[in-house]
Amino acid sequence: MDNNCGCRVNCRDIMKKLRMIDFAIYDTALYLDAYPDCAPALEYYHRLIEQREAVLCEYQSKCGPVSMFGNESKSSWQWVNKPWPWEFDAN
Amino acid sequence: MFFDENDNRNPRGRNDAGLRRQALGEHGGNSCDIQSLRMPRPGVTRSGRNVAPAGMSMAGCGCGTPHSDSCARSGDIKHDRSGHDTDRRGWGLCGYPLGSVYAPLQEWRAVYDIETGLSRGTIFRELDMPWYGSGGGMRGGCCRG
C-alpha cells in the first residue's frame, strides 16, 4: 500500500508485529493473573503496551483501521474497505 | 471421551465407569449417590490426611469413609464381575496408592522474544514443551508418530 509519504509500506509486516506484541501481552496477562505483584512482569507488560500503541498507530495511519474502533478518518468509513476476517488478506 | 465400561485397566477407566453408573442410577440410590457425584473423591489435606468433604457424613452409608480405610478393608468391598466395587466405597480405586498433585510456582524468567513467543505459543521458554499430537489430536495428544 502506498501511504501519503509515497513510500511503500508493508502492512502485513506491521500487522505481524502487532500480533506478536498482542500475543505476548495476552501471555503476560495470564501470568499476572496468577502473580499480580510480580514487578518484572508488570514492567514487561507496560513496555509491551507502549510498543503496541506505537505499532497500532503506525498501522492505522498507513494501512487503515485494525478494528472498527480505529477509523481515524473523519470523512470516510475506512473500516468497510478492509478485508473481512475470512479473507486471506485479513490474516 | 469414550471409555469402555468393561475396560478397568487403569484407575481413570474404572472410576469414570463407576461415576457414569452412579449418574445413570443403575444401582438404585440413596442420598449418598448425590453426594458422591458432587464430590467424587474424599478430600486430602496437604499433609496427606484424609478428610471428609463438607456436608458429607463420616459414618453410616460409607460415602464419607476415608479412602485409606476403604482400601484397608478392601476385602470387604463387593465387586461385580468387571471388578467394579458395587457399593462404591473404594471409588473404583482400591489397591492404588494415594497420590498428591502439586505444581511449583512459576517464576518470571526465560521470556522469549515476541516473535518466538507467537510461533511457539508461549512466551515462556520453560513452558515450551514438546507436545506431540496425533491424528489431529483426537486420540489424545501425547503419542509420537
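Everything discussed here concerns the structure shown above.
Cut-offs used in this document
Positions within a chain are numbered from 1, following the residues in the order the chain's sequence is written. Chains and ligands are labelled sequentially in the order written, the chains with letters from A and the ligands with numbers from 1. Residues qualify for local features only when their pLDDT is at least 70, as the model is predicted, and side-chain atom pairs are given and counted only at 80 or more; totals for whole chains, interfaces and linings, by contrast, use all residues. Side-chain numbers come from the whole structure's heavy atoms, not from hydrogens or water. Strands here are runs of E lasting at least two residues and helices are runs of H or I lasting at least four, both read from the DSSP assignment and numbered beginning at the N terminus. Accessible area is worked out with a 1.4 Å probe on protein chains only. A residue is then buried under 20% of its type maximum, exposed over 50%, and partly exposed in between. Note on definitions: a residue-residue contact is assigned when non-hydrogen atoms from the two residues lie within 4.5 Å. Values of accessible area rely on a 1.4 Å probe in the Shrake-Rupley scheme; residue burial ignores everything except the protein chains shown. By this rule, a helix spans an expected 1.5 Å times one less than how many residues it contains. Defined here as a combined quantity, buried area equals the accessible surface (1.4 Å probe) lost by two parts on assembly, summed across both. Polar contacts, as used here, are pairs of N or O atoms within 3.5 Å; protein pairs need one atom able to donate a hydrogen and one able to accept it. Residues neighboring in sequence count only if both atoms are side-chain atoms. Amino acid classes used here: Ala, Val, Leu, Ile, Met, Phe, Trp, Tyr, Cys and Pro are nonpolar; Asp, Glu, Lys and Arg are charged; the rest, including Gly, are polar.

S.K.: Explain the overall build of chain A to me, please; I cannot follow it from the model alone.
M.R.: Scanning chain A from terminus to terminus reveals 2 helices and 0 strands. Buried residues in chain A amount to 32% of all 91 residues. Put simply, 40% of the contacts in chain A that link residues at least 6 apart link residues at least 24 apart. Accessible surface computed for chain A: about 6,300 Å², of which carbon and sulfur atoms make up 57%.

S.K.: For this particular structure, what's the right way to read the overall build of chain B?
M.R.: Helices and strands together make up the secondary structure of chain B, namely 4 helices and 2 strands. The order of helices and strands in chain B, counted from the N terminus, is α-α-β-β-α-α. When the 145 residues of chain B are sorted by exposure, 30% land in the buried category. For chain B, the proportion of contacts with a sequence separation of at least 24, taken over those separated by at least 6, is 30%. If you sum the accessible surface of chain B, you get close to 9,900 Å²; carbon and sulfur atoms cover 54% of it.

S.K.: How should helix 2 (residues 39–62) of chain A be read in this particular structure?
M.R.: Because each turn of an α-helix spans 3.6 residues, side chains separated by three or four positions in sequence point in the same direction. Residues and elements named next belong to chain A. When the terminal C-alpha atoms of helix 2 are compared, their 35 Å separation across 24 residues agrees well with the 34 Å that a helix rising 1.5 Å per residue should span. Three or more residues of helix 2 are buried, namely Ala41, Tyr44, Leu48, Val55, Tyr59 and Gln60. Glycine 64 lies just past helix 2 and shows a positive phi near 125°.

S.K.: Hey, could you run me through the interface of chain B and chain A in this one?
M.R.: You'll often see interface size given as the accessible area lost when the parts meet. The partner chain A presents 17 residues to the 14 residues of chain B that form the contact. Buried surface at the junction of chain B and chain A, summed over both partners, amounts to about 1,200 Å²; 76% is from carbon and sulfur atoms. On the chain B side of the contact with chain A, Trp108(B), Ile114(B) and Leu118(B) bury the most area, a combined 55% of that side's loss. Summed over the shared surface of chain B and chain A, the number is 4 residue pairs in polar contact (both at pLDDT 80 or more). A class-by-class count of the residues in the side of chain B that touches chain A yields 8 nonpolar, 4 polar and 2 charged.

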